[in-house]
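Structural description and commentary
Next come the chains, spelled out residue by residue.
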Amino acid sequence: MPPTLASLVHHSALKLTVRAGEERLDTAVRWAHVSELADPVPYMEGGELLLFTALKLDAEDPDAMRRYVKRLAGAGVVGLGFAVGVNYDAVPQALVDAAREEEFPLLEVPRRTPFIAISKAVSAAIAADQYRAVTAGFAAQRELTKQALSGGPEGLLGALAGQVDGWAALYDASGAVVAAAPEWAGRRAARLVADVERLRERPAPASAVVGGSEQHGGGDEDRVELHSLGTGRRPRAALAVGTAAALGTAERYALHSAIALLTLTTERSRSLHSAEQRIGAAVLRMLLAGEPEHARTVAGDLYGGLLDAPFRMIVAEVASASAGRAHADGHARVALDKPERPAPGTGAAAVAASGDPLTGLADVVEAAAARSGEAVLVVPDGDRLVLLAADGGASTGACTQYAEALETARLTQREQGGGGGGEDDELVVGLSAPAGPIAAATAYKQAEQALSVARRRGRALVEHEEVAAGSVVPLLADDAVRAFADGLLRALKDHDATGRGDLVASLRAWLSRHGQWDAAAADLGVHRHTLRYRMRRVEEILGRSLDDPDVRMELWLALKTTSAGGE
C-alpha cells in the first residue's frame, strides 16, 4: 500500500496533528512538497501533501484562505501541512475554517519536526511499497512461469486471475475465446469479441481499456484491459483481464509477465506451425501425385487421421488473382518452395480484421480445427490457398460460414451503394465433393472447377455438388462464349432482320424437338415443308450441315447462351 495521510499521522516520529478533513485521511500521498508561493497550483501534478509556513500569505484572512484552499483542492492536492512556531505560533483559525468548509485535510506540523523529515517518511514509504510490488511481481512471474510450463495457457490464465483478483481470457487469431479463468469468465469474455476484433486491426503491440456495463449493457462493473499478443505486425492472439478497479503495481507486473509468457508461446507455436505447413505441403504433393501410401507415411500422427476418413479439397483465391489465371491444362500445382503464408498486413483494409481474405480464411479454419481437436491441412500456394479438411468437420463448416459472411457483407454494401473492398479483393472458394486419398487429384480438379464457377457467378463459395447437380446453362455466362454465340448466329439474325423469314426461331424449335419436323412445325404454326425450306436456308447461310451432331450441339448452345443473355 502507498503512504496515506493516516499513515503519516500515525508515524510516531512526526507528531502530526489533524486540524481538519479527518474523514479523508485514507487518501494516498504521491509526494510531499514544500512551497511558500501564493499560488503553487501550476507546479502541482496532483496527489501531493503541500507543506508551508504561510511566509507570503495572510493566513488570518478568511477570504484569502478560502480561495487558497479551494484552488489546491481543485488541483488534486490531497492535504496541507502547516508548520507552527515559524511565522505563526498556532494554526490560524481562518485556515482551519477554510479547510473544514472544503473537507480538506489540514495537518499541524510541530516546530521540532522539519519538513524534510516528512518528505523522507513519504519517500521511504513509497520506496517500500515499490519494493513490495517488485518482490510480489517476481513471485508472480515465477508462479505464472510454473503454471505455464505445467498447465499451458489454461494454467497460466488461472494463476493470472488469482494474482489480479479478477478474471482472464485468451482469444485466438480469429477472435474466438479459447480459454478463460475462472470458468464463468468465458461468458463475460465472449461479449468482448467485437472489441478484440477492433484491437486486432491495430499493429501489435496494442492495448485498450474497455468499460463494463456502460459499453456492453450488462450488470458488470469490471474494468477490462485488452492486450494483443505476438511480435509481428498482425497480432496472433489477445489477452483480456477483468478487475474491479485499476491494476496496482504488483498486478501490473503480473500482467506484463503473463503477456511475455503468452507471446513466447505464440511465437513458438508460429515456428511449429511453419514446420507443420512444410510437412503439409509435402503430404499434399504426394497425394496429388497419386502416392497416398507415401503421403500417409509423411503425415504420421500430424495429418494421418485426416486421411482415414472422407475429406474435402478446398481451393481459395482473391478475384484479382483469379482474373488472370488460366487452368487449361487442369494439372494440380503446389508450390513447395514458399510454404509460408504471405506476410500479414500487406492487404488493404480489414477483411475479418486481417486485411487479407486468404489469411483470414486460414485463421478461421485453423482456429475451428484447434477448438474441435481435428486435423486440417493448410498450404499457401502462391496467390491461392489450398486446404484439406474433414468432410462434415468443424473446419469445413468454418470455411463455409466465413465465405457466406463475406458474401452477405458484399451484398449489403452493394445494396447500400457503399464502397469497401472492390471486386478485385473479393474471395472466391471452390469446394470439392467428399473424397479419399486415392482420389485426391480428382478432388483438387473438382475444387478448381467449382472455383471457376464461383468466379463466373460472382459467388464467394461454390461446392462441386452444385456444379454437377445444376444446369450447364449458367456456365455459358462468359464473355468468350457469348462472343462465339453472337458470331455463329449473326448471319441468321441479319437475315431475319430483313424480314425474309424467321430462321433463328425455326432453328430453335427444330433443335428443341430433336429434328422432328411435324412437332417443330406445329410449334411454329407453319407447314413442315416451310420448316424444311428454312432449315436448308440455315445450312446455306452458315455453310454447315445440320446432319452433323457437333454442329447441332454448337447451335443449340449458342441459342441457349443468347437466351440466357436476354436476347
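Data block above holds the structure.
Residues numbered from 1 in each chain as written. Predicted model: local features only at pLDDT ≥ 70, side-chain atom pairs only at ≥ 80, totals over all residues. Heavy atoms only, no water.

Okay, the overall build of the protein next. Helix and strand counts for the protein stand at 19 helices and 15 strands. When the 567 residues of the protein are sorted by exposure, 45% land in the buried category. In the protein, of all internal contacts separated by at least 6 residues, the share reaching a separation of at least 24 is 64%. Entry remark: accessible area of the protein is about 27500 Å², with carbon and sulfur atoms responsible for 52%. (Helix = DSSP H or I, 4+ residues; strand = E, 2+ residues; numbered from the N terminus. Buried < 20%, exposed > 50% of the residue type's maximum accessible area, 1.4 Å probe, protein only. Contact = heavy atoms within 4.5 Å. Areas by Shrake-Rupley, 256 points an atom, 1.4 Å probe, with all protein chains shown as cover.)

Before going further, it helps to spend a moment on the sheet that holds strand E7 (residues 177-181). A sheet is described by the order of its strands in space; here five strands give the open sequence E7-E6-E10-E9-E8, paired in antiparallel fashion. Of all the strands in the sheet, just E7 and strand E8 (207-210) have a single pairing partner and so form its edges. The average undirected angle you get between the axes of adjacent strands in this sheet is 15°. Judged from the four bridges that link them, E8 and strand E9 (residues 223-229) form a sheet pairing that is antiparallel. Residue pairing for E9: Ala208 is matched across the bridge by Leu226. Packed onto the sheet, helix H4 (residues 115-164) meets strand E6 (167-171), E7 and strand E10 (237-243) and runs at close to 145° relative to E6. In the packing of helix H6 (residues 193-200) onto the sheet, the strands contacted are E6, E8, E9 and E10, and the crossing angle to E9 comes to about 40°. (Pairing = 2+ DSSP bridges. Axes fitted to C-alpha atoms, helices over the stretch in contact; angles between N-to-C directions.)

So, on to unusual backbone geometry. Following Ala181, the chain continues to Pro182 via a peptide bond in cis, the omega torsion being -10°. Along the chain, the position of Pro182 falls in the loop between E7 and helix H5 (185-190). Unusually for a residue other than glycine, Glu103 sits at a positive phi of about 55°. Inspection of the secondary structure puts Glu103 in the loop between helix H3 (93-101) and strand E5 (106-109). Given a relative accessible area of 45%, Glu103 falls into the partly exposed group. Unusually for a residue other than glycine, His514 sits at a positive phi of about 55°.

What follows covers helix H2 (residues 62-74). The end-to-end C-alpha separation of H2 is 18 Å, in line with the 18 Å expected for 13 residues at 1.5 Å each. Those residues of H2 not exposed but buried are Ala64, Met65, Tyr68, Val69 and Leu72. Looking straight down H2, one finds that the buried residues subtend no more than 120° of arc, so they occupy a single side. Residues Arg67, Lys70 and Gly74 are exposed on H2 and point more than 90 degrees away from its buried face. Considering only its buried residues, H2 is in contact with strand E3 (48-52), strand E4 (79-83) and H3. For H2, the N-terminal capping position is held by Asp61, with its side-chain oxygen 3.1 Å away from the main-chain nitrogen of Asp63. (Expected span 1.5 Å × (residues − 1). Arc of directions from axis to C-beta. Polar contact = N/O pair within 3.5 Å; in protein donor to acceptor, adjacent residues only side chain to side chain.)

A word on the sheet that holds strand E1 (residues 17-20). If you walk across this open sheet you meet the five strands as E1-E5-E4-E3-E2, and the pairing is mixed. Since the sheet does not close on itself, it has two edges, and those belong to E1 and strand E2 (31-34), each with one partner. When the angles between neighbouring strand axes are averaged without regard to direction, this sheet yields 30°. Its contacts with the sheet put H3 on E1, E3, E4 and E5, and the angle it makes with E1 is roughly 70°.

Turning next to the environment of Ala389. Examined against the element boundaries, Ala389 turns out to sit in strand E13 (residues 384-390). A C-alpha to C-alpha distance of 8.9 Å links Ala389 and Ala369, two positions 20 residues apart in sequence. Residues contacting Ala389, with those up to four places away along its chain left out, are Leu306, Phe311, Arg312, Ile314, Val376, Ser395 and Thr396.

Per the stated rule, a full pass over the model turns up 22 salt bridges. Residues Glu101 and Arg66 are paired through a salt bridge, measuring 3.9 Å at the closest nitrogen-oxygen approach. Taken together, the residues Glu101 in helix H3 and Arg66 in helix H2 connect sequence positions 35 residues apart. One network of salt bridges, with partners in common, ties together Glu317, Arg384, Glu448 and Arg455. (Salt bridge = Lys/Arg side-chain N within 4 Å of Asp/Glu carboxyl O.)

The next subject is a nonpolar patch on the surface. Side chains of Ile279, Val298 and Leu302 sit close together on the surface and give an oily, nonpolar patch of about 190 Å² of accessible area. Inspection of the secondary structure puts Leu302 in helix H9 (residues 292-303). (Patch = residues over 30% accessible without salt bridge, like charges linked within 9 Å, V, L, I, M, F, W, Y side chains within 5 Å.)

Side chains three or four residues apart in an α-helix point the same way, a direct result of the helix having 3.6 residues per turn. Taking 1.5 Å of rise per residue, 22 residues should cover 32 Å, and helix H12 (residues 394-415) covers 31 Å from first to last C-alpha, within 8% of that figure. For H12, every residue scored as buried is listed here: Ser395, Thr396, Ala398, Cys399, Thr400, Tyr402, Ala403, Leu406 and Arg410.

Turning next to the pairing of strand E12 (residues 376-381). A regular strand places its side chains on the two faces of the sheet in alternate fashion. Counting buried residues along E12, six of its six residues qualify, which places the element largely inside the surrounding structure. The sheet contact formed by E12 and E13 spans six bridges and is antiparallel. The residue of E13 that forms the bridge with Val376 is Ala389. Hairpin connection between E12 and E13: a loop of two residues separates the two successive antiparallel strands, and Gly382 in this loop has a positive phi of roughly 65°.

Here the structure, examined in full by the defined rule, presents four aromatic pairs. Ring geometry for Phe52 versus Tyr68: centroids 5.5 Å apart, planes at 40°, classification tilted. In this pair, Phe52 sits in strand E3 while Tyr68 sits in helix H2, placing the two residues 16 residues apart along the sequence. Taking the centre distance of 6.0 Å and the plane angle of 50° together, the rings of Phe82 and Tyr88 count as tilted. Its relative accessible area of 0% is what places Phe82 among the buried residues. (Phe/Tyr/Trp six-rings, centres within 6.5 Å; stacked < 30°, edge-to-face > 60°.)

The next thing to look at is the packing of helix H16 (residues 503-512) against helix H18 (residues 528-542). At their nearest, the axes of H16 and H18 sit 10 Å apart, and the two run at 110° to each other. In terms of orientation, H16 and H18 fall into the roughly perpendicular class. Within the contact between the two elements, H16 uses Leu503, Ser506, Leu507 and Trp510 and H18 uses Leu531, Arg534, Met535, Arg537, Val538 and Ile541. When the residues that make up the contact of H16 with H18 are grouped by side-chain class, the tally is seven nonpolar, one polar and two charged. (Parallel < 35°, antiparallel > 145°, perpendicular 65-115°, else oblique. Nonpolar A, V, L, I, M, F, W, Y, C, P; charged D, E, K, R; others polar.)

Turning next to the side chain of Thr113. Residue position: Thr113 is located in the loop between E5 and H4. Of the polar contacts made by the side chain of Thr113, one reaches the backbone oxygen of Leu14; its length is 2.9 Å. In contact with Thr113, other than residues within four places in its own chain, are Ala13, Leu14, Lys15 and Ile118.

Moving on, we get to the environment of Ala485. Looking at the secondary structure, you find Ala485 in helix H15 (residues 479-497). Counting along the chain gives 73 residues from Ala485 to Ala558, while the straight-line C-alpha distance between them is 4.3 Å. Discounting chain neighbours no more than four positions away, the residues touching Ala485 are Ala558, Thr561 and Thr562.

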